[in-house]
Amino acid sequence: MTGPVYESDHTSVLAAGRKVTEFADQVFTRLPRADQRRWAAAYLLGLLAVSGRKSVRSLAAAVTDSPTASQSMHRFVNSSPWEWQPARAELARWTEQRLRPTAWTVGTAVVPKRGNQSCGVHRRFDPVAGRSVNCQVATGLFLAAGRVQIPVDWRLHLPREWSDERLRRRARIPESVQPVPEWVHILDLADSLASALLTPLPLVADLRAYEQPDRLLHGLRQRGHDFVVTVPDTLPVVLPLVNQGARGSHAAPLVSARRFLDAHGEVLRTVMASPHGGAAGAKRIVTAVASLPRGPRAQRFCRLFAEYRADGQGAPALWMTTLVHRSMDELIELAGAHAWTPGALRRMEGRFGLQDFEGRSFPGWHRNVTLVSAACAYSRLAESEPAPTASAGPKAAWPHASPPVRAGALSAPKQGS
């Protein structure tokens, strides 16, 4: 232990450490061993305490003086056999109770990587960087209540070259995990979320950058998941010009969503102000034009509406939703949720080190991103307490069983445990 210890600092740091431990005990309650749950709390405390780059070494140094702690923490994330999906389900339930989300959104995380050893690494154009980068790509699911967005689940994208058995063995990718289009990941995330939450939520997302959005929407409808999504102008919809109950209804003519709305939309002439995901306090003005088409594979109608920019510039965004009985005020409010997701991703990268993980395996990546997501949730939603910092007090604040043990007294997880 180094540096002076002041009683007030000691008390606040210990209190913060105990809160983190209680949170970890809830989210990671299904970890099979008590020492694993303690290491989960230690990792979370490190993520919350360390500023700057979050290497395993810096996380360990923030919570203990033990010279072997970083090795033990590395084994906990990369080798210790615990499943991340049950922890994410618990995190989703914990978040639902405190956030009262109104929707879920999806965000794409692009994690730059050097070399080709990390699981799923490939070349890809990053629109944020404006160039092609060597990277991992992941789809994250965020529970949303307006501008508050909490990550609770993830899927790591594997491009086709990761069908190679040599690459898969090296990265310890399970046989059940195969390269699939990114829209399939969204369906999988929807199913996992539905089994975790008490109240069903609609997906709010911009699908214009995804391949085969019609297949994604069809999959969501088949599973009974509601959505409010931006769709491409070219998305095919069914013209309501034939007897839909007739045998030949499958032959109903298809037109693009843009053409349909131009020809059949009812101008509601409702101008509304709603928070925008850009600069603080910025507004977006929405003029709603709505109608009720069907997707080419859907049996029920959706609502299609357009969002026009207040300055009249650019083409309007087209939105499609299954929530046909919601008012336009509610729909436009929901539609604004996805604009805050990029900011939530940036917070994960800047505050919680989403891009700092040094491991290369599939299990290690998923365990780390689960812990990072839990740290985000705790930071945003836990009751107000003094924030733990790496220099605010004694490292004895690492919360083992009560009473706290002294720094250096961590017991390391056994090799392979």
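Just above sits the structure.
Residues numbered from 1 in each chain as written. Predicted model: local features only at pLDDT ≥ 70, side-chain atom pairs only at ≥ 80, totals over all residues. Heavy atoms only, no water.

Trainee: Would you explain the overall build of the protein chain in this entry?
Mentor: Tallying secondary structure elements over the protein chain gives 12 helices and 12 strands in all. When each of the 417 residues of the protein chain is scored for burial, the buried share is 52%. Partitioning the intrachain contacts of the protein chain with sequence separation of at least 6 by distance along the chain shows that 66% fall at a separation of at least 24. Just so you have it, the protein chain exposes about 19,500 Å², and 50% of that area is on carbon and sulfur atoms. (Helix = DSSP H or I, 4+ residues; strand = E, 2+ residues; numbered from the N terminus. Buried < 20%, exposed > 50% of the residue type's maximum accessible area, 1.4 Å probe, protein only. Contact = heavy atoms within 4.5 Å. Areas by Shrake-Rupley, 256 points an atom, 1.4 Å probe, with all protein chains shown as cover.)

Trainee: Explain the nonpolar core here, please?
Mentor: Nonpolar side chains tend toward joint burial in soluble globular proteins. Grouped together as the largest cluster of nonpolar side chains are 101 residues, with contacts concentrated most on Phe28, Trp104, Trp154 and Leu371. In terms of residue count, the dominant contributor to this core is helix α12 (residues 362–381) (11 residues). If we ignore the near neighbours within four places in the chain, the residues touching Trp104 are Leu141, Phe142, Leu143, Ile186, Ala190, Leu193, Leu201, Pro202, Leu203 and Val204. Counting 14 residues, the second-largest nonpolar core is a separate cluster that includes Trp319, Leu323, Leu331 and Leu334. (Core = buried A, V, L, I, M, F, W, Y, C linked by side-chain atoms within 4.5 Å.)

Trainee: Any chance you could explain the environment of Leu197 here in plain terms?
Mentor: With respect to the helices and strands, the residue Leu197 is situated in the loop between α7 (182–196) and β5 (203–206). Separated by 103 residues in sequence, Leu197 and Trp94 place their C-alpha atoms 9.5 Å apart. Leaving out residues up to four positions away in the same chain, Leu197 has contacts with Ala92, Glu96 and Leu143.

Trainee: What is the right way to read the packing of helix α5 (residues 84–99) against α12 from this model?
Mentor: The axes of two packed helices give the description: the angle between them and the distance between them. The interhelical angle for the contact between α5 and α12, taken along N-to-C directions, is 15 degrees, at an axis separation of 10 Å. Classed by the angle they form, the pair α5 and α12 counts as roughly parallel. α12 is crossed by α5, and the crossing has left-handed handedness. Along its contact with α5, which presents Trp84, Ala87, Arg88, Leu91, Trp94, Thr95, Arg98 and Leu99, the element α12 presents Phe362, Pro363, His366, Arg367, Val369, Thr370, Ser373, Ala374, Ala377, Tyr378 and Leu381. Class assignment of the residues belonging to the contact of α5 with α12 gives a composition of 12 nonpolar, four polar and three charged. (Axes fitted to C-alpha atoms, helices over the stretch in contact; angles between N-to-C directions. Parallel < 35°, antiparallel > 145°, perpendicular 65-115°, else oblique. Left-handed = near helix turned anticlockwise from the far one by under 90°. Nonpolar A, V, L, I, M, F, W, Y, C, P; charged D, E, K, R; others polar.)

Trainee: Looking at this structure, how should I read the pairing of strand β2 (residues 122–126)?
Mentor: Consecutive side chains along a regular strand alternate between the two faces of the sheet. Of the strand pairs in this sheet, β2 and strand β3 (residues 131–145) are connected by five bridges, and their pairing is antiparallel. What sits directly across from His122, in β3, is Cys135. Linking two consecutive strands that pair antiparallel, namely β2 and β3, is a turn of four residues; a positive phi of about 75 degrees is found at Gly130 within it. (Pairing = 2+ DSSP bridges.)

Trainee: Help me understand helix α3 (residues 56–63) in this model?
Mentor: Helical geometry note: an α-helix holds 3.6 residues per turn, so side chains three or four residues apart project in the same direction. Taken together, the buried positions of α3 are Val56, Leu59, Ala60, Ala62 and Val63. Relative to the axis of α3, the buried residues are bounded by an arc of 155 degrees and lie together on one face. Structurally, α3 contributes buried residues whose contacts are with α2 (34–49) and α4 (69–78). (Arc of directions from axis to C-beta.)

Trainee: What's the story with the side chain of His157 in this structure? I'm lost.
Mentor: As for its position among the elements, His157 is in the loop between β4 (148–156) and α6 (165–171). Apart from residues lying up to four places away in sequence, His157 is in contact with Gly120, His122, Arg124, Val137, Ala138, Val180, Glu182 and His185.

Trainee: So what exactly am I meant to see when it comes to the pattern of salt bridges here?
Mentor: Proximity of charged atoms lets side chains of opposite charge pair with each other. Scanning all chains against the criterion turns up 11 salt bridges. Measuring nitrogen to oxygen at the nearest pair gives 2.6 Å for the salt bridge that ties Arg33 to Asp35. On the accessibility criterion, Arg33 (31% relative accessible area) is partly exposed. Here Arg124 ties to Glu182 by a salt bridge, and the two come within 3.1 Å at their closest N and O atoms. Of the two residues, Arg124 sits in strand β2 while Glu182 sits in helix α7, which places them 58 residues apart along the sequence. Classification of Glu182 as buried rests on a relative accessible area of 15%. (Salt bridge = Lys/Arg side-chain N within 4 Å of Asp/Glu carboxyl O.)

Trainee: How should I be thinking about unusual backbone geometry in this particular structure?
Mentor: Only a minority of non-glycine residues have a phi that is not negative, and only a minority of peptide bonds are not trans. At Arg100, a residue that is not glycine, the phi angle is positive and equals roughly 55 degrees. Looking at the secondary structure, you find Arg100 in the loop between α5 and β1 (103–112). Its relative accessible area of 63% is what places Arg100 among the exposed residues. Phi is positive for Gln212, which is not a glycine, with a value near 50 degrees. Mapped onto the secondary structure, Gln212 falls in the loop between β5 and α8 (213–223). A residue is classified by how much of its surface remains accessible, and Gln212, at 35% relative accessible area, is partly exposed.

Trainee: Would you explain the packing of aromatic side chains in this entry?
Mentor: Aromatic ring pairs are described here by two measures, namely the spacing of the ring centres and the angle between the planes. According to the stated counting rule, one finds eight aromatic pairs in the structure shown. Consider the rings of Trp154 and Trp365, whose centres lie 6.5 Å apart with planes at 85 degrees: the pair is edge-to-face. Within this pair, whereas Trp154 is found in strand β4, its partner Trp365 is found in helix α12, the two being separated by 211 residues in sequence. Ring geometry for Phe305 against Trp319: centres 6.3 Å apart, planes inclined by 10 degrees, an arrangement best described as stacked. Of this pair, Phe305 sits in strand β11 (residues 303–307) while Trp319 sits in strand β12 (residues 317–321), placing them 14 residues apart in sequence. (Phe/Tyr/Trp six-rings, centres within 6.5 Å; stacked < 30°, edge-to-face > 60°.)

So far we have only geometry, and geometry alone does not tell us how the molecule works.
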